[in-house]
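Given next are the chains, with one letter for each unit.
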Amino acid sequence: MRPAGPAATLLIGATVIAVLPVLLPNEYYLTVLIVAGLNGIIALGLNLLMGYAGQISLGHAAFYGLAAYTTGILTATYHWPVPAGMAAAVALVLAVSALIAVPTLRLKGHYLAMGTLGFGLIVYIVLNEATGLTGGPSGLGGIPRLSLAGRPVTSDLAYYYVVWAAVLLCFAVAGNLVRSRLGRALRAIHTSETAAAALGIDTERTKIGVFVLSACMAAVAGTLYAHYVRFVSPGTFGFAASVQLVTMVVLGGMGSLWGGLAGAVVLTVLPEVLRALEDYDIVVYGLLLILCMMYLPGGLVEGVDRLWRLVTARRLRLAPPEDPA
Amino acid sequence: MNAKAGAFLWGEDITLHFGGVQALESVSFRVKENDLQTIIGPNGAGKTSLLNVITGVYWADRGGVFLREQPLTGLPAHAIARSGIVRTFQNLELFSTMTALENVLTGGHLLFHYGMRDWCFRTHRFRAEEAALREKAEAALAFVGLSATADTLAGNLPFGSARLLEIARALAAEPRVLLLDEPAAGLNIRETVVLGDIIRRIVDRGITVIMVEHDMDLVMRVSDRVLVLNYGKVIAEGTPAEVQRNPDVIAAYLGEV
Amino acid sequence: MSDLFQYILSGATVGATYGLAGLGFTVIFNATEIINFAQGEFVMLGGMLAVFAIRWAGAPLPAAVLAAVLGTTTVGVAMDRLTVRPVRGRSAIALIIVTIGVSIVLRGSAMLVFGKDAFSLPAFSAGEPLSILGAALVPQSLWVGGVTLGILVGMKAYFDHTIAGKAMLACAYDRKAAALMGIHVENIVSRSFALSAMVGALGGVILAPITLTSYDVGIMLGLKGFAACILGGLGNPFGAVAGGVIMGVLESLTAGLVSSGYKDAVAFVILLLLLFLRPAGLFGRAHAERV
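As the structure is a computational prediction, the values presented were derived from the model and not from experiment.

### Thoughts on the overall build of chain A
Item 1. Each helix and strand counted, chain A has 14 helices and four strands in total.
Item 2. The C-alpha radius of gyration computed for chain A amounts to 21 Å, which stays within 12% of the reference 20 Å derived for 325 residues, consistent with globular compactness.
Item 3. In terms of overall dimensions, chain A has a C-alpha envelope of 75 × 55 × 40 Å along the principal axes.
Item 4. Sequence-distant contacts in chain A: of pairs separated by 6 or more residues, those separated by 24 or more amount to 78%.

### So, the interface of chain A and chain C
Item 1. Contacts between chain A and chain C engage 34 residues on the former and 34 residues on the latter.
Item 2. Those elements that place two or more of their residues in the side of chain A that touches chain C are helix H5 (109-129), helix H11 (239-252) and helix H13 (281-295) of chain A.
Item 3. By residue number, the principal contributor to the side of chain A that touches chain C is H5(A), which donates 13 residues.
Item 4. The class makeup of the residues in the side of chain A that touches chain C is 25 nonpolar, six polar and three charged.

### Focus: unusual backbone geometry
Residues and elements named next belong to chain B.
Item 1. Even without being a glycine, Arg122 presents a positive backbone phi close to 45°.
Item 2. Along the polypeptide, Arg122 turns up in the loop between helix H4 (116-121) and helix H5 (124-144).
Item 3. Even without being a glycine, Glu182 presents a positive backbone phi close to 50°.
Item 4. With respect to the helices and strands, the residue Glu182 is situated in the loop between strand S7 (177-181) and helix H7 (189-204).
Item 5. Using a count of 20 C-beta atoms within 10 Å as the deciding quantity, one classes Glu182 as buried.

### A few points about the sheet that holds strand S5 (residues 70-71) of chain B
Residues and elements named next belong to chain B.
Item 1. In spatial order, the strands read S2-S1-S4-S5; together these four strands make up an open sheet with antiparallel pairing. With partners counted over all chains shown, the strands left at the sheet margins are strand S2 (21-32) and S5, one partner each.
Item 2. One ladder, built from five bridges, connects strand S1 (residues 7-18) with strand S4 (residues 62-67); its direction is antiparallel. Within S4, the position partnered with Thr15 by the bridge is Arg62.
Item 3. Against the sheet, helix H1 (residues 47-54) makes contact with S1, S2 and S4, and its axis sits at roughly 65° relative to S2, the strand it touches most.

### Examining the packing of helix H2 (residues 39-57) of chain C against helix H4 (residues 92-114) of chain C
Residue and element names in this part refer to chain C.
Item 1. For the pair H2 and H4, interaxial distance at closest approach is 10 Å and the crossing angle is 20°. By the angle between their axes, H2 is roughly parallel relative to H4. Considering how the two elements wind past one another, H2 and H4 form a crossing that is left-handed. Every residue of H4 that contacts H2 at Gly40, Glu41, Met44, Leu45, Met48 and Phe52 is listed here: Ser103, Leu106, Arg107, Ala110 and Phe114.
Item 2. The residue makeup of the contact of H2 with H4, split by class, is seven nonpolar, two polar and two charged.

### Looking at the environment of A:Tyr111
Item 1. Mapped onto the elements of the fold, A:Tyr111 is located in helix H5.
Item 2. In this structure, the C-alpha to C-alpha distance between A:Tyr111 and A:Ile56, residues 55 residues apart in sequence, is 10.0 Å.

### With respect to the interface of chain B and chain A
Item 1. With 25 residues of chain B at the contact, the number on the chain A side is 21 residues.
Item 2. Listing elements by their share of the side of chain B that touches chain A, those giving two or more residues are helix H2 (77-82), strand S6 (85-87), helix H3 (100-107) and H4 of chain B.
Item 3. Per-class residue counts for the side of chain B that touches chain A are 13 nonpolar, seven polar and five charged.

### Observations regarding the domain arrangement of chain B
Residues and elements named next belong to chain B.
Item 1. In terms of domain boundaries, chain B breaks down into domain 1 (1-84 + 176-184 + 207-257) and domain 2 (91-174).
Item 2. A separation of 28 Å is found between the C-alpha centroids of domain 1 and domain 2.
Item 3. Contact residues are listed per partner, giving four residues for domain 1 and five residues for domain 2.
Item 4. The residue inventory of the side of domain 1 that touches domain 2, partitioned by class, reads three nonpolar, no polar and one charged.

### Side note on the nonpolar core
Within soluble globular proteins, side chains that are nonpolar generally end up buried alongside one another.
Item 1. One finds B:Ala168 and C:Ala50 to be the most contacted residues of the largest nonpolar core, which totals 285 residues.
Item 2. Top contributing element to this core by residue count: helix H10 (residues 203-229) of chain A, with 15 residues.
Item 3. Here this core gathers at least three residues from each of two domains, domain 1 (1-84 + 176-184 + 207-257) and domain 2 (91-174) of chain B.
Item 4. In this view, B:Ala168 contacts B:Val104, B:Ala140, B:Leu141, B:Phe143, B:Val144 and B:Leu146; residues no more than four positions away in its chain are not counted.

### Digging into H5(A)
Item 1. In this model, H5(A) (21 residues) spans 31 Å end to end at C-alpha, consistent with the 30 Å of a helix rising 1.5 Å per residue.
Item 2. Burial of H5(A) is extensive: 19 of the 21 residues sit out of reach of the surface.

### What about the pairing of strand S10 (residues 233-238) of chain B?
Residues and elements named next belong to chain B.
Item 1. One ladder, built from five bridges, connects strand S9 (residues 225-230) with S10; its direction is antiparallel. Across the sheet, residue Asn230 finds its bridge partner in S10, namely Lys233.
Item 2. From the end of S9 to the start of S10, which pair antiparallel, there are two residues, and Tyr231 there has a positive phi angle of about 50°.

### With respect to the sheet that holds strand S8 (residues 208-212) of chain B
Across a sheet, paired strands are connected by hydrogen bonds in the backbone, their directions being either parallel or antiparallel.
Residue and element names in this part refer to chain B.
Item 1. Strand order in the open sheet made by the six strands is S6-S7-S8-S3-S9-S10, with mixed pairing throughout. Both edges of this open sheet fall to S6 and S10, since each of them pairs with a single strand only. Across the sheet, the mean angle separating the axes of adjacent strands is 20° when strand polarity is ignored.
Item 2. In the packing of H1 onto the sheet, the strands contacted are strand S3 (36-40), S6, S7, S8 and S9, and the crossing angle to S7 comes to about 150°.

### Thoughts on the packing of H2(C) against helix H3 (residues 61-84) of chain C
Residue and element names in this part refer to chain C.
Item 1. The interhelical angle for the contact between H2 and H3, taken along N-to-C directions, is 140°, at an axis separation of 8 Å. The orientation of H2 relative to H3 falls into the category oblique. Handedness of the H2/H3 crossing: right-handed. On H3, the residues touching Phe42, Leu45, Gly46, Leu49, Ala50, Ala53 and Ile54 of H2 are Leu61, Ala64, Val65, Ala67, Ala68, Val69, Gly71, Thr72, Val75 and Gly76.
Item 2. In the contact of H2 with H3, the residues fall into 13 nonpolar, four polar and no charged.

Cut-off values and rules
Counting of residues starts from 1 at the beginning of each chain's written sequence and follows it residue by residue. Naming scheme: in the order in which they are written, chains are lettered from A and ligands are numbered from 1. Where local features are concerned, this predicted model is filtered to residues with pLDDT of at least 70; where side-chain atom pairs are given and counted, the filter is 80 or more; whole-chain, interface and lining totals use all residues. Segments assigned H or I by DSSP are reported as helices when at least four residues long, segments assigned E as strands when at least two residues long, and all are numbered from the N terminus. C-alpha atoms define the radius of gyration in this analysis, and the globule rule sets the expected value at 2.2 Å times the number of residues to the power 0.38. A pair of residues counts as a contact when their C-beta atoms, built from backbone coordinates, are within 7 Å of each other. Gly is put with the polar residues, along with every residue not named as nonpolar or charged; the nonpolar set is Ala, Val, Leu, Ile, Met, Phe, Trp, Tyr, Cys and Pro, and the charged set is Asp, Glu, Lys and Arg. Burial is judged by counting other C-beta atoms within 10 Å of a residue's own C-beta: 20 or more means buried, 12 or fewer means exposed, and anything between counts as partly exposed, with every C-beta placed from the backbone. Think of it this way: DSSP has to see at least two bridges between two strands before they count as a pair. Note on definitions: angles span 0 to 180 degrees between N-to-C directions of axes, and those axes are lines fitted to C-alpha atoms, for helices only across the stretch in contact. When an angle is under 35 degrees it counts as roughly parallel; over 145 it counts as roughly antiparallel; between 65 and 115 it counts as roughly perpendicular; any other value is oblique. Take the far helix as your reference; a near helix turned counterclockwise from it by less than a right angle gives a left-handed crossing, and one turned clockwise gives a right-handed crossing. Bear in mind that the domain bounds are from an automatic or database domain assignment. A set of buried residues qualifies as a nonpolar core if it consists of Ala, Val, Leu, Ile, Met, Phe, Trp, Tyr and Cys joined through C-beta atoms within 7 Å. Take the number of residues in a helix, subtract one, and multiply by 1.5 Å to get its expected span.

See the structure below:
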């Protein structure tokens, strides 16, 4: 069975998303799904960076946080209109990520990982220390609601649709990117930067481009977060959060757009399901990362794929063997 | 530096060393347009280093490479590709997770330039240019005889096909100069004959080819001119017949098959 | 003036631990070209295991220190055997993720077993702080200096004068060649993990009496240790320790003279500046990729 074409996928996805709230037992699950959607947007972007372009970022939560704080500060403290705050937040992250990308993406492997990690921690420290601006460790509250076409989005249900519409949009854009010459260039860079450059691909510019794109996607999610929770604190955007995002991408399956999304949903929903585990979740994350890398490097997507082959292969074995040509 | 008469791709006084090792010493060469120039020499003579200098992978300590009047020295690798100089690699550098067709499509990266707006909204320009690119890619695959493997993952191809795929990928870039780094390495006799045939057909299309090779049969059979390196220095240059008779060349190769 | 000297002294003391963490990074990198993201947890384990050997088993201090170092070394070897070896040949990302996973597991387990509180270890020798140029120097600082020097001397002797040490360096230069020379590469790698766990644990143990230790000190220590070893030149053991001391001093001066909240940022700013501005200096043993 061939996978459904992109348009069909989006249609099916949209239908599922539209219908899902009806099936949920109570409103709380909407909150979980909203957060899953936000994580999904970031994971989609991070997947493009890690799975397709083959880079790594251990500080992506910093972009999430920068955007959330920027729109929060502009709208709560300086009373900017919400759309302006959100736009400014994404613009700021675009600028910062472009700035940091230029020197950082010249690094490779471990140095790149450390560089992004260091950047993420610096942002976290600044968020904690610039108390006058950010409210310090206690955070910043009173952030106004998101409003669309002049009307504030008040119900969780409405927000759920807003966030998941954004997810679908990002998924569509990412899908189009992957099936374009830029997508090929990314995958080329991942496998062999030397060969990619020899074919005329400006590897540096391309890597910077996808880094900035993934940072902006995290920024979009950040603004949606801020105007939903209406409160931001540094703890949400630290190293643990960055690691969680990487886990989502790895666990879901790098190199497939579905992977990032699946990982985000699973790892957002799972802790809710495993409420009982409380403090154990941090160990579980670590174990998931290790086991995934060791046994299922392609993540959930690979797992599903293998399972599918197992099932279909079983059915094929019942058919008589073909004559060799 | 003055452009030598008739010189299409030429280099002057190229010198390169790594730490204590002198890879290239004062190498000068001239390639005529639409020629097939082969570079030979014992192992470690600096052949691949010279290719790497031409394509911008290494930057020479001294000297320069020129395409007619245009200096290529100091340009990054992708800029040199944009000048129309494309190469293959001694140790294959295929995009193993992509199919053969996708590899060749990537080869044609420079042929079209649709932008973010186009791929994001799948505009008419996007569709038209992708279709045109696909046609060219399929033609390149057909040229080397790999049409049947278009949808095979490059990493799964048998070695001989993989070598040809790299050539198809380079051809998709519609280069003016094609650099082949030991294209026959690891190929059996039959595959080498097919390769030689393909290379001559490439030259027939008007492309200038520079080839680094060890297989003397192939070299003597297809080359227009031969450049011989030893210990990073040029020791002979001329037609295959001239080079074959050159006593310095024979001495350099004595004992090596 | 004496304030300044105080900052420098206390900074150098903490910096020695950064240096030992950095030394641990260097040892593993020298043998395997892997950056072990769990290095900081070795330092944490050193301190924590010693604390709990005393609390739970009533062990006398020297025995607790020994137990902590041996325990952490075992963890290091286990990490290599169970998690690193299976993913050896894979991409840098795979290795990075695995070592991050291990660091998370170690940290999380420490939290579950030891709780979230901060603990301190008794000083190795009793005594009043000495006064040098108006700055107070606790006796433990002398222990820190002494142990660090001792480790450095030991390392130099190991790498320069023993076959085992040279074999470890050989593995880093060229695994295949080393294997062909009869060097059992996998054992060397395990040994390098053991060595760096040991060194990290010692760093944690000697510092615990001065600063408190808890389950989450590992991240910061690890990162600062990494910055230290980059500062000193990746692959250079002496450099790592020197880098650590320099960083500790800079950090301490920032805390004292500028603002204590931002002191942690110092290490990362230095790290980023290094990575961006002196890339040539980082690849001291650079090898060109053969294409």
